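# Working through the structure, step by step
This is what each chain is made of:
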Amino acid sequence: MQITELAKLTEAQVRCGNGLMHTEILYAAASDLMSDVLTIHHDGMVLLTGLANMQTIRTAEMSDIHCVVLLRNKKATPEMVELAAEHNIILLESPFTMFKACGVLFNAGVQSVY
Amino acid sequence: MQLQYDIEGGNFTKAGFASSEIKKVLKQLNVDAATIKRIVVSSYEAEVNIVAHAYKGAVTVVIDHEKIVMQYQDEGPGIPDIEQAMVAGYSTASPEVREMGFGAGMGLPNIHKNADDLLIESEVNKGTLVTITIYLKQEGGQ
Ligand SMILES: Nc1ncnc2c1ncn2[C@@H]1O[C@H](COP(=O)(O)OP(=O)(O)OP(=O)(O)O)[C@@H](O)[C@H]1O
Ligand SMILES: [Mg+2]
């Protein structure tokens, strides 16, 4: 699925990475625990999270995660947007709960990492 | 090549800066993406451990043709039982650290999984030295 479609399905706002919206994703991981996310090795994965801080973006950078969706109406700080932009990470904000976002994406065929 | 970066205990806004710089250098050296990921994930976990558990520290990185050696040295409480600290799920992280998205007790086991060699030396009430070695595979080579 392209990020454009993912953004539409989760009713998300694009905070940065507008030019990269055609990136394909296959997998999604949903977690608020960054040390958990850091154990995943899949390429083409989107991170769904309720954790909105600098470490969310750092974790994506280290794990080569190209798209992060902040859920439950959490807002990215200007510093987060700047860091995400610097590393070509697409940053989205969705009003959905974790459960709803997972359900919608699972139905649309996005896969679990295990 | 040798690099060195300071790491501030308690400062979660800056955590990851050193690992980010290391990643930039590895990309310039054309190390393959999978190896870079193993290196920077290990590095980031060790860096966050200093931020989360120690007072201050630094990382020294030495890169040669065949390997990267990263030494994370800190002044802090030290680790009384290293074997126990290596158990997945064991964590003494504070509620503040957990709020930042860490404290699952996954860091050290994850470094162990990603590194070719991991050595932890620690003295209680003094500090900890974590040495991570990973062998490099150049892009286009092998
Ligand atoms: N540099 C350090 N100084 C003092 N104690 C440490 C240090 N690194 C690790 N520890 C101790 O070892 C435990 C396990 O570390 P580990 O990295 O596996 O988990 P964590 O940091 O608690 O959580 P996570 O890494 O999942 O965010 C820590 O909770 C802490 O008690
Ligand atoms: Mg840790």
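Everything numeric here is computed off the predicted structure, so don't read it as measured data. Positions within a chain are numbered from 1, following the residues in the order the chain's sequence is written. Chains carry letters and ligands carry numbers; both start at the beginning, A for chains and 1 for ligands, and go up in the order they are written. Local features in a predicted model are, by the rule used here, given only for residues with pLDDT of at least 70; side-chain atom pairs are given and counted only at 80 or more, and totals for whole chains, interfaces and linings are based on all residues. Only hydrogens and water are removed before side-chain values are computed, so all heavy atoms of the structure are retained for them.

### What to know about the overall build of chain A
Under the DSSP-based scheme used, a helix requires at least four consecutive residues in state H or I and a strand at least two consecutive residues in state E, with every element numbered from the N terminus. If you tally the helices and strands in chain A, you get 5 helices and 6 strands. Mapped in sequence order, the helices and strands of chain A form the string α-β-β-α-β-α-β-α-β-α-β. Dimensions of chain A, computed from the C-alpha atoms along their principal axes, are close to 35 × 30 × 25 Å. In chain A, which comprises 114 residues, the share counted as buried stands at 54%. Throughout, a residue-residue contact means that at least one pair of heavy atoms, one from each residue, lies within 4.5 Å. Partitioning the contacts of chain A with sequence separation of at least 6, the portion at a separation of at least 24 is 51%. Buried residues are those whose accessible area, probed at 1.4 Å on protein chains only, stays under 20% of the maximum for their type, while exposed residues exceed 50% and partly exposed ones sit between those limits.

### A look at the site of ligand 1
Residue proximity to a molecule or strand is established when one non-hydrogen atom of the residue lies within 4 Å of it. The full set close to ligand 1 counts 21 residues, and Ser35(A), Ser91(B), Thr92(B), Gly103(B) and Met106(B) are the nearest of them. Positioned at a junction of chains, ligand 1 has nearby residues supplied by chains A and B. Separating an oxygen atom of ligand 1 from a side-chain N or O atom of His53(B) is a distance of 2.8 Å. Polar contact is defined as a pair of N or O atoms within 3.5 Å, subject to the rule that within protein one atom must be able to donate a hydrogen and the other to accept it, and that residues adjacent in sequence are counted only when both atoms are side-chain atoms. One of the backbone nitrogen or oxygen atoms of Ala104(B) is found 3.0 Å away from an oxygen atom of ligand 1.

### Points about unusual backbone geometry
Non-glycine residue Arg72(A) carries a positive phi angle of around 55°. Following the sequence through the fold, Arg72(A) ends up in the loop between strand 4 (67–70) and helix 4 (78–86). Positioned with a positive phi, Asn125(B) is a non-glycine residue whose angle comes to about 70°. Relative to the helices and strands, Asn125(B) is located in the loop between strand 4 (117–123) and strand 5 (127–135). Residue Asn125(B) is classed as exposed on the basis of its relative accessible area of 68%.

### Describing the confidence of the model for chain B
Every residue carries a pLDDT, the predictor's confidence in it, which falls somewhere between 0 and 100. Overall, the prediction assigns chain B a mean pLDDT of 95, with 96% of residues at 70 or greater. As scored by the predictor, the complex reaches a pTM of 0.96 and an ipTM of 0.94.

### A look at the sheet that holds strand 4 of chain A
All names here are of chain A. The sheet built from 6 strands is open, its strands ordered 1-5-4-3-2-6 with mixed pairing. With partners counted over all chains shown, the strands left at the sheet margins are strand 1 (13–16) and strand 6 (111–112), one partner each. Whether two strands pair comes down to DSSP finding at least two bridges between them. Both strand 1 and strand 5 (residues 90–93) contribute to a ladder of 3 bridges, which runs antiparallel. Along strand 5, the bridge assignment pairs Cys-16 with Leu-91. Running at roughly 155° to strand 4, helix 3 (residues 54–62) makes contact with strand 3 (45–49), strand 4 and strand 5 of the sheet. Fitted lines through C-alpha atoms serve as axes, helices being fitted only where they are in contact, and the angles separating the N-to-C directions of these axes extend from 0 to 180 degrees. Packed onto the sheet, helix 4 meets strand 1, strand 4 and strand 5 and runs at close to 75° relative to strand 1.

### What to know about the interface of chain A and chain B
Across the boundary between the two partners, chain A contributes 22 residues, which contact 25 residues of chain B. As used here, buried area is the combined drop in accessible area, with a 1.4 Å probe, of two parts when they are placed together. Counting each side, the surface lost to burial between chain A and chain B is near 1,900 Å², with a carbon and sulfur contribution of 53%. Together, Leu38(A), Gln55(A) and Met62(A) form the three largest contributors to the area buried by chain A at its contact with chain B, with a combined 33%. We define a salt bridge as a side-chain nitrogen of Lys or Arg found within 4 Å of a carboxyl oxygen belonging to Asp or Glu. The interface formed by chain A and chain B contains 2 salt bridges. For the pair chain A and chain B, the number of links is 12 residue pairs in polar contact (both at pLDDT 80 or more). Every element with two or more residues in the side of chain A that touches chain B is listed here: helix 2 (34–37) and helix 3 of chain A.

### Observations concerning the side chain of Thr35(B)
By secondary structure assignment, the location of Thr35(B) is in helix 2 (residues 33–53). Beyond its immediate stretch of four places on either side in the chain, Thr35(B) contacts Ile134(B), Tyr135(B), Leu136(B) and Lys137(B).

### Observations concerning the side chain of Lys37(B)
Within the secondary structure, Lys37(B) is located in helix 2. Think of it this way: Lys and Arg go in the positive column, Asp and Glu in the negative one, and His and the chain ends go nowhere. Buried charged residue Lys37(B) carries no salt bridge. Nearest counter-charge: Asp43(A), at 5.3 Å. In terms of polar contacts, Lys37(B) uses its side chain to reach the backbone carbonyl oxygen of Ser63(A), at 3.2 Å. Once residues lying within four places of it in the same chain are set aside, the contact partners of Lys37(B) are Ile40(A), His41(A), His42(A), Met62(A), Ser63(A) and Asp64(A).

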